Amino acid sequence: MKVIIGKNAGFCYGVKRAVDGAKKELEKNKKVYCLGELVHNKEVVNSLEEKGLITIDNIKKAEGTCIIRAHGEPKETYDLAKKLNINLVDFTCPNVLKNHKLVQEYYENGYYTILLGTSTHPENIGTISYCDGYGTCIDIEELENVLEEINQKEIEKIFVLAQTTYSIKKFEECSKKIKEKLNSKEIEIKNTICNATEIRQKETEELSKKVDYMIIVGGKNSSNTKKLYDIAKSNCDNVALVEKIPEINLKELEIYDKVGIMAGASTPNESFEL
Ligand code: SF4
């Protein structure tokens with residue numbers, strides 16, 4: 001049995017920056033708060049919590065220093081932190097920050113924002129906050145209805161972007177539909193899927209076509225991992241989604257010639273090394 005581990009498996013630049021940054025903060029402070037789970041990986045979070053990281057779900061629960069993770073936060077969080085005198089250590093990924101700036105700029109120029117992604121995902125809640133309600137976050141299934149509504153409203157300028165971990169295929173499909181349905185309006189479409197995501201999805205696509213069994217490693221609540229699973233599933237009949245390799249009995253996989261391994265952006269190397 002040949003095992004091929006994807007070259008781009010594991011921590012992306014943004015997650016690595018947040019994890020390394022949190023470790024440094026914990027060397028300076030005994031107690032550091034983190035707004036939301038720092039990464040979608042229990043072991044990484046547990047080990048940081050043992051060093052003094054406290055995960056909270058509301059900035060009002062913080063005191064002293066509080067980390068903003070790579071997903072970013074809505075702009076109200078920054079205002080509230082200022083009022084509460086909380087020292088924010090901001091590890092919002094620069095790609096996410098770029099989306100915040102884009103949404104704000106287009107909003108200030110009169111554009112209505114369509115953010116393609118999952119509306120409940122923290123990254124999108126943050127990004128869409130920069131258009132002060134003049135926009136929406138939707139996924140492909142809701143697109144048809146939303147486009148009809150927009151056509152009936154007096155909205156002339158539309159700005160379209162995507163969650164940084166959105167599926168490339170879905171983005172292309174949505175962009176095509178938006179151009180077709182809103183052809184009387186002024187439309188600006190920007191592919192804001194981050195490079196790390198795009199490369200990882202492409203590699204998953206290629207690898208899952210070559211192997212007989214594919215293992216996707218990552219947190220169960222990680223949206224980018226779930227997308228890798230969906231991509232692999234569309235090319236390979238045997239796909240497993242696990243949080244770490246030991247969950248799989250590799251002996252049972254010996255009936256397969258080639259096994260591929262890919263890991264999500266918040267998966268540390270230890271979780272998929274053999
Ligand atoms: S997936 Fe991309 S946008 Fe998200 S944290 Fe990683 S590098 Fe940043």
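Before reading on, note that the structure itself is shown above.
Since the structure is predicted, the reported quantities are computational estimates derived from the model, not experimental observations.

Q: Can you tell me about the state of the cysteines, naming the residues and giving the values?
A: In a disulfide, the sulfur atoms of two cysteines are held together by a covalent bond. For the coordinates displayed, the defined rule picks out 0 disulfides. In this model Cys66 remains outside any disulfide bridge; the closest cysteine sulfur is found in Cys34, 6.6 Å from its own. This cysteine, Cys131, is not joined by any disulfide, and Cys137 carries the nearest cysteine sulfur, 10 Å off. The class of Cys131 is buried, set by a relative accessible area of 0%.

Q: Quick one: what's the story with the site of the ligand, residue by residue and with numbers?
A: Close to the ligand lie Cys12, Gly14, Ala70, Cys93, Asn95, Thr164, Thr165, Cys194 and Thr197. A majority-of-atoms criterion places the ligand in the largest pocket. Tallied by class, the residues present in the shell around the ligand amount to 4 nonpolar, 5 polar and no charged. Split by domain, the shell around the ligand shows at least three residues from each of two domains, domain 2 (13–93) and domain 3 (95–189).

Q: Got a sec to walk through the layout of surface pockets? Specific residues and values, please.
A: By volume, the largest pocket is sized at about 380 Å³. Lining the largest pocket are 27 residues; nearest its centre among them are Cys12, Val15, His71, Thr165 and Ala265. Listing elements by their share of the lining of the largest pocket, those giving two or more residues are α1 (13–28), α4 (94–108), α8 (195–210) and α9 (223–235). Ranked by residues supplied to the lining of the largest pocket, first place goes to α8 with 4 residues. Considering only residue class, the lining of the largest pocket consists of 11 nonpolar, 12 polar and 4 charged.

Q: Could you give an account of the environment of Lys7, naming the residues involved and the relevant values?
A: Here Lys7 is to be found in the loop between β1 (2–5) and α1. When its relative accessible area of 77% is taken as the criterion, Lys7 is described as exposed. Between the C-alpha atoms of Lys7 and Arg200, which are 193 residues apart in sequence, the distance is 8.5 Å.

Q: Give a description of the side chain of Ser223 that names residues and reports values.
A: Inspection of the secondary structure assignment puts Ser223 in helix α9. With near-sequence residues (within four places) excluded, Ser223 lies in contact with His121, Gln163 and Thr165.

Q: Explain a positive patch on the surface to me, and be specific about the residues and the numbers.
A: On the surface, Lys2, Lys7, Lys210 and Lys258 cluster together to form a positively charged patch. Tracing the sequence through the fold places Lys258 in strand β12 (residues 258–263). Residue classification places Lys258 among the partly exposed residues on the basis of a relative accessible area of 32%.

Q: Can you lay out a nonpolar patch on the surface for me, pointing to particular residues and giving the numbers?
A: Taken together, the side chains of Met1, Val3, Ile5 and Leu274 define a hydrophobic patch exposed on the protein surface, amounting to about 340 Å² of accessible area. Looking at the secondary structure, you find Met1 in the segment before β1.

Q: Could you give an account of the packing of helix α6 (residues 140–152) against helix α7 (residues 168–181), with specific residues and numbers?
A: Interaxial distance between α6 and α7 falls to 11 Å at its minimum, and their mutual angle equals 20°. As the angle between them shows, α6 and α7 are arranged roughly parallel. Seen along the crossing, α6 lies across α7 with a hand that is right-handed. On α7, the residues that touch Ile140, Glu141, Leu143, Glu144, Leu147 and Asn151 of α6 are Lys170, Glu173, Cys174, Lys177, Ile178 and Lys181. Across the contact of α6 with α7, the residue classes break down as 5 nonpolar, 1 polar and 6 charged.

Calculation notes
- Residues numbered from 1 in each chain as written.
- Predicted model: local features only at pLDDT ≥ 70, side-chain atom pairs only at ≥ 80, totals over all residues.
- Heavy atoms only, no water.
- Disulfide = S-S within 2.5 Å.
- Buried < 20%, exposed > 50% of the residue type's maximum accessible area, 1.4 Å probe, protein only.
- Near = heavy atom within 4 Å.
- 1 Å grid on protein atoms, 1.4 Å probe; cavity = no way out; pocket = protein on both sides within 12 Å on 5 of 7 lines; lining within 4 Å.
- Sits in = over half its atoms within 2 Å of the grid points.
- Nonpolar A, V, L, I, M, F, W, Y, C, P; charged D, E, K, R; others polar.
- Domains from an automatic or database assignment.
- Points joined across faces, edges and corners; volume = space filled by probe spheres on them.
- Helix = DSSP H or I, 4+ residues; strand = E, 2+ residues; numbered from the N terminus.
- Contact = heavy atoms within 4.5 Å.
- Patch = residues over 30% accessible without salt bridge, like charges linked within 9 Å, V, L, I, M, F, W, Y side chains within 5 Å.
- Areas by Shrake-Rupley, 256 points an atom, 1.4 Å probe, with all protein chains shown as cover.
- Salt bridge = Lys/Arg side-chain N within 4 Å of Asp/Glu carboxyl O.
- Lys, Arg positive; Asp, Glu negative; His and termini not counted.
- Charge placed at Lys NZ, Arg CZ, Asp CG, Glu CD.
- Axes fitted to C-alpha atoms, helices over the stretch in contact; angles between N-to-C directions.
- Parallel < 35°, antiparallel > 145°, perpendicular 65-115°, else oblique.
- Left-handed = near helix turned anticlockwise from the far one by under 90°.

Everything listed here is a matter of geometry and, on its own, says nothing about what the molecule does.
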